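# Breakdown of the fold
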Amino acid sequence: MTILLNKNSLYNTFGVDSFNSLEDTVNSMAPSMVEYYLSDLSQYSEDSYLNKSQIEQSVYIGDYSLYKDYSDNIYLELDTQTANTYETGSFW
């Protein structure tokens with residue numbers, strides 16, 4: 001699942017002013033807090049298409065990946081394969 005994020009909301013959430021400083025800030029935070037913030041940011045967004053050939057920078061955080069493209073759009077991608085491996089199947 002890939003979501004186009006509002007970069008101002010992302011920067012304000014983590015207290016940074018650019019994508020370059022985002023990785024340092026995220027690495028100094030507790031992983032559970034980072035995942036909570038990213039989950040909260042993506043809650044009201046819809047799926048979007050990301051042309052991976054246009055990625056300029058990327059940051060990987062657990063099951064989440066943040067991408068910045070050449071147009072300064074920021075995308076959040078959730079690795080759904082690892083998220084589904086912990087789910088238990090139904091007995092019915």
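Above: the structure in question.
First things first, this report covers the structure right here in the doc.

Conventions adopted
Residues numbered from 1 in each chain as written. Predicted model: local features only at pLDDT ≥ 70, side-chain atom pairs only at ≥ 80, totals over all residues. Heavy atoms only, no water. Pairing = 2+ DSSP bridges. Helix = DSSP H or I, 4+ residues; strand = E, 2+ residues; numbered from the N terminus. Axes fitted to C-alpha atoms, helices over the stretch in contact; angles between N-to-C directions. Core = buried A, V, L, I, M, F, W, Y, C linked by side-chain atoms within 4.5 Å. Buried < 20%, exposed > 50% of the residue type's maximum accessible area, 1.4 Å probe, protein only.

## Thoughts on the sheet that holds strand S2 (residues 55-61)
Pairing is antiparallel in the open sheet, where four strands are placed in the order S1-S4-S3-S2. With one partner strand each, in any of the chains shown, strand S1 (2-5) and S2 form the two edges of the open sheet. Within the sheet, the average angular offset between the axes of one strand and its neighbour, ignoring direction, is 25°. Taken together, the five bridges between strand S3 (residues 64-69) and strand S4 (residues 74-78) define a ladder with antiparallel strand orientation.

## Overview of the nonpolar core
Within the largest apolar cluster, 18 residues are counted, with the highest numbers of intra-cluster contacts made by Leu10, Phe14, Leu22, Leu38 and Leu66. Of all the elements in the fold, those that place two or more residues in this core are S1, helix H1 (7-14), helix H2 (19-27), helix H3 (31-42), S2, S3 and S4.

## A closer look at unusual backbone geometry
For residues that are not glycine, phi is negative in most cases, and the peptide bond is trans in most cases. The residue Asp72 is not glycine, and still its phi comes out positive at about 65°. Take Asp72: it is sitting in the loop between S3 and S4. Note on Asp72: relative accessible area 36%, which makes it partly exposed.

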